[in-house]
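# Residue-level structure breakdown
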Amino acid sequence: MNIETSEFHWGMVIDLDRCTGCGACVTACQAENNIPISEQDGIANGRNLHWIRIERYWEGEFPHVRARFLPMLCQHCDDAPCEPVCPVYASYHNPEGLNGQVYNRCVGTRYCANNCPYAVRVFNFFNPKWPKPLEQQLSPDVTVRSRGVMEKCSFCIQRIRRGKEQASLENRKLLDGEVMPACAQTCPPQAIIFGDLNDPDSRVSKLARSPRRFRLFEDLGTEPSVIYLKGGGHDHPG
Amino acid sequence: MKRRSFLQLSGMSLASSMLAGCRKGNEKLIPFLVPPEDGAIPGIANYYASTCRQCPAGCGVLVRVHEGRAQKVEGNPHHPVNQGKLCARGQAMLQELYHPDRIKQPLKRTGIRGSGQFIPISWDEALKQLAGALAPYQQKEQEGLLLFSAPLRGSLARLTGDFLQHFPKAQHLAWEPLSPEWLQQGLFGNPGIPDYDLGNTQYLLSFGADFLESHLSPVRYGHGFGHMRQERQTVRGRYSYIGPRLSLTAASADRWLPARPGTEWALAFGIIRRLLQEKSFDASALQAAGLSVTNVTELVANFNVQRVAEIADISPTEIRATINEAVSISPALALVGEMTAWQSNGSAAVAAVELLNLMLGNINRPGGLYFTPATDAHISSNYAELTGLIERMQQKKVQLALIYGCNPVFSIPSDSNFSAALANIPQIISFASFLDETSLQADLILPDHSNLESWGDIVPPAGTRQQVIGLIQPVVKPLHNTRAFPDVLLALAKGMGGNLAMQLPHESYLQWLEEDLIKRIPDLFIGDRRQQMDHLLQQGGWFGPELEPISPKALKRPERVVSPEFSGAQEQYPLQLQVYASVNFYDGRSSHLPWLQQLPDPMTTVVWGNWLEINPQTARKLGVNQGDLVEVSSPAGKLTLPAVLYPGLRPEVVACPIGQGHQGLGRYADRRGENPLKLIKETEASKQRLTWGGTRVQVRRLAASSGLVTAGHAEGSYHRDLLGL
């Protein structure tokens, strides 16, 4: 559903020619969003909690072997498959194109995760634990999720809000590049660019028009807000 | 009560309660009568600039602090080293501050060494004991005092130097495994490390340099890499990697040349030969460096494509294509790294790549490398000094060891017998923040502050053309009863009296730091000193003007490179072991942080453990599957590790990351995985320089299950074609 009542449509461009797969974004996201620590047995049993992950693909055999990386996070689809299946409207579409998750409403049916083709929704099977004093790091801007709640990438909505509040205090418009999610902010090769897709002059809009653009599972018609730029050597120059 | 008055009363009380409800609440926020000292305002976050110490690179950070608690570390956008970017290790700095297993007060050993039995003591008592232990070494002839630390730079180096002057025979050894001493001993013997201008180069050739994960300044080079690839309108920089393992850094290359371990240099000679043939080399640079064309021509004469291909065991087509690219695309920049330097022929191989850079005309030009003069005090020791020290320790010539900022028991191969030699030292005093392998051996522990509680400065060893002094400031009040190492030195000086107290009368390290900064950047402190210092702290340090690059002189003639030597008989140990610094844990110093333990290794997606990488062809021959438990044995020792089938590895090579296998270091690192340094066999050559790439091993399958946990499917979550990658 592309009904927008806001001037913004947040989107992201991930340039796979820049991405080195280093994982800085993963830890930055975990720090920013109060994502609990996943112990070894939790991960072994498929209960890994992360809002962004790096997919690694091997290609070919020795000596003609390559490895490719793909950062995978919530694609904030405009026609999101997770939204219509939620019986309690916990998964909803925000006027700014964000795919929101209301923790208070979530009753833990996990239908949304089941329906997400990108497998980016993670479920809290247990209450999170932080041995003292590790809990002092937790950010007051982000809810700590409890047992039985689904969670996923929010495009750092707390940063978007903070940015907008700051701009309105100063009585000006939000500048391009002023709001950055934690992943984009930390990415050393600047592979992740975030911004307003409604503004044709924003950096993200310009990059989204690149001939290298593609979106994941375009054929499913989910209309993701995350646009990838092809990378990887001889096959795809410039 | 009458019915009427009851209704009147109840009506009145209802009305008054409703009226009270209608009244507006406090319209003003009442300010604090006594504002909190640290200026914390509820709901408002402060940002403090500081510097990261998770590796020596010295990236600038901004720490978001909310009501006295550090919440998030971000890159400092104005810092010349990292330009607002940060790696996963830097992000995880917070967990070091809030780690549940930090040492919370001074400890004194009660059980046997290594038992972990300590009792808490007061700082007064700890300082008294330390002063008592140090006092005899102030005499002229008294030998046996050792300070073992990580390499020190800037003001801490000066303070330590000044302190140790009063102990005439004291020895200071400053060593860490990934210190680029091999680069400083290369062709030019330059004390400063050159700045590689990755961002503006058009062709990048990495000789075993994993510059995106652990080599010198990974965040800076990561930033430069992005620039090289896609920041320029018309150019996409090309990049080839030569080395036996497809590392994270190599995975981003357009071409990977899987050379035999220790043979990468042959390609450099091949390119030099072509440059000479085509007369397209930089003759003036060669002359300026004091080298003659004839010598170089003689040296590389035989290195035609066929010969290079044979030495490195790569197809001649690939070699020819790479040489063509390197010669025709300009600027073309060559980097050399640990995978090449850690071989027995590493010294000559590093010199070969430096010669290549010289011939390509890369010295001091955009897209090349800049040599800048060393700008600051620097205490650093090399591997030969380390092995010399171990001998002295074995001969019981060290009586008192102070150990600060390093974990030598973990990061020195067991074959060099460091732990046994350490046991010979009657008194060991540690300044560690955690009970790691080394501090578990200590008799007295005086715990240091965490980085986010300390004052200090960092001079980035690599990666800027300008002079940079990054400042570290405390962003939160100390959590525990700890003290910064330099403050302990000053307190000792005061307590010990005499000349020492006269020369170091400073109340705190902050005072020392300020006075030291004034000496180093004098013109900055004209005017209000306090204001100037605040300004420096706000921006995260002093970023000076661009330095005039210097033309390097070759200290030695480039020499022939011999084949690398491997310890262990080939019949018994058919495979070659390559160890490498972990992407998540660097040299092992970060493995106690749960965020990093949980972060999947980018190449194997393994979490909470380590592993042995085996080429699938080799694994088939050995009957090993993904996740099997294997035994790796070398002439130095045996380890059991889970096997990971790794297509990006030469069939005769196995690889294992350094970083796991701690005995101690808190609940998240303790007894997790194995430390591959236990397999490294030391030889005569390795007494002189670090040669961790030169050990042969044997691999045997033990069992089908090993507890290996990977975060992703071995093949990735989806079929690659489906994603259109």
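Cut-off values and rules
- Residues numbered from 1 in each chain as written.
- Chains lettered and ligands numbered in written order.
- Predicted model: local features only at pLDDT ≥ 70, side-chain atom pairs only at ≥ 80, totals over all residues.
- Heavy atoms only, no water.
- Pairing = 2+ DSSP bridges.
- Helix = DSSP H or I, 4+ residues; strand = E, 2+ residues; numbered from the N terminus.
- Axes fitted to C-alpha atoms, helices over the stretch in contact; angles between N-to-C directions.
- Contact = heavy atoms within 4.5 Å.
- Salt bridge = Lys/Arg side-chain N within 4 Å of Asp/Glu carboxyl O.
- Polar contact = N/O pair within 3.5 Å; in protein donor to acceptor, adjacent residues only side chain to side chain.
- Nonpolar A, V, L, I, M, F, W, Y, C, P; charged D, E, K, R; others polar.
- Phe/Tyr/Trp six-rings, centres within 6.5 Å; stacked < 30°, edge-to-face > 60°.
- Buried < 20%, exposed > 50% of the residue type's maximum accessible area, 1.4 Å probe, protein only.
- Domains from an automatic or database assignment.
- Buried area = accessible area lost by both parts, 1.4 Å probe.
- Expected span 1.5 Å × (residues − 1).

Here we come to the sheet that holds strand β26 (residues 653–658) of chain B. Sheet strands line up and pair through hydrogen bonds in the backbone, either parallel or antiparallel. Residues and elements named next belong to chain B. Judged by pairing direction, the barrel is mixed, and its six strands sit side by side in the order β22-β26-β23-β25-β24-β27 before closing back on the first. Each strand axis lies, on average, 45° off the axis of its neighbour in the sheet, ignoring direction. Looking at chain direction, strand β22 (residues 575–581) and β26 are connected through six bridges and run parallel. When the sheet's bridge partners are listed, Q578 is paired in β26 with A655.

With that settled, the discussion passes to the sheet that holds strand β3 (residues 69–75) of chain B. Residues and elements named next belong to chain B. Judged by pairing direction, the sheet is antiparallel, and its three strands sit side by side in the order β1-β2-β3 without closing on themselves. Single-partner strands in this sheet number two, and they are β1 (45–51) and β3. Taken pair by pair, the neighbouring strands of this sheet meet at an average axis angle of 30°, ignoring direction.

Next up on the list: the interface of chain A and chain B. Listed by partner, the interface residues are 75 residues for chain A and 80 residues for chain B. Measuring nitrogen to oxygen at the nearest pair gives 3.9 Å for the salt bridge that ties E231(B) to R203(A). Here chain A is connected to chain B by 23 residue pairs in polar contact (both at pLDDT 80 or more). For the side of chain A that touches chain B, the leading source of residues is helix α1 (residues 24–32) of chain A, giving seven residues. Tallied by class, the residues present in the side of chain A that touches chain B amount to 38 nonpolar, 19 polar and 18 charged.

Moving on to the packing of aromatic side chains. Following the criterion strictly, the structure yields 23 aromatic pairs over all chains and no others. Ring geometry for F62(A) versus W256(B): centroids 5.9 Å apart, planes at 70°, classification edge-to-face. With F62(A) in the loop between β2 (52–59) and β3 (66–73) and W256(B) in strand β12 (residues 255–257), this pair bridges two chains. Residue F62(A) shares its accessibility class with W256(B), and that shared class is buried.

Here we come to the domain arrangement of chain B. Residue and element names in this part refer to chain B. Each assigned domain of chain B is listed here: domain 1 (107–178 + 378–449 + 478–520), domain 2 (195–370) and domain 3 (575–703). Taking only C-alpha atoms into account, the centre of domain 1 sits 31 Å from that of domain 3. A buried area of about 1800 Å², summed over both sides, lies between domain 1 and domain 3, and 60% of it is on carbon and sulfur atoms. Looking at the side of domain 1 facing domain 3, the largest losses of area belong to Y383, F410 and D415, adding up to 33% of the total buried there. Between the two partners, domain 1 and domain 3, sit two salt bridges. A salt bridge links E176 to R589; the nearest nitrogen and oxygen atoms lie 2.7 Å apart. Put simply, domain 1 and domain 3 have ten residue pairs in polar contact (both at pLDDT 80 or more) between them. Going through the elements one at a time, α16 (383–394) and α17 (408–411) are the ones with two or more residues in the side of domain 1 that touches domain 3. Of the residues contributing to the side of domain 1 that touches domain 3, the split by class is eleven nonpolar, five polar and five charged.

Along the chain, E32(A) falls in helix α1. The exposure class assigned to E32(A) is buried, which follows from its relative accessible area of 3%. Here the side chain of E32(A) touches Q158(A) through a polar contact of 3.0 Å, side chain to side chain. Setting aside residues no more than four positions away along its own chain, E32(A) makes contact with S139(A), V142(A), C156(A), Q158(A), R159(A), R162(A), A182(A) and K72(B).

Bringing helix α19 (residues 485–496) of chain B into the picture now. Residue and element names in this part refer to chain B. Counted at 1.5 Å a residue, the expected span for α19 with its twelve residues is 16 Å, and the 16 Å between its end C-alpha atoms agrees. Considered for burial, the residues of α19 that qualify are F485, P486, V488, L489, L490, L492, A493 and M496. Those residues of α19 that are buried lie in contact with α4 (123–134), β6 (145–149), α5 (154–164), β16 (400–404), α20 (498–503) and α21 (509–520). Residue G497 follows α19 closely and has a positive phi angle near 70°.

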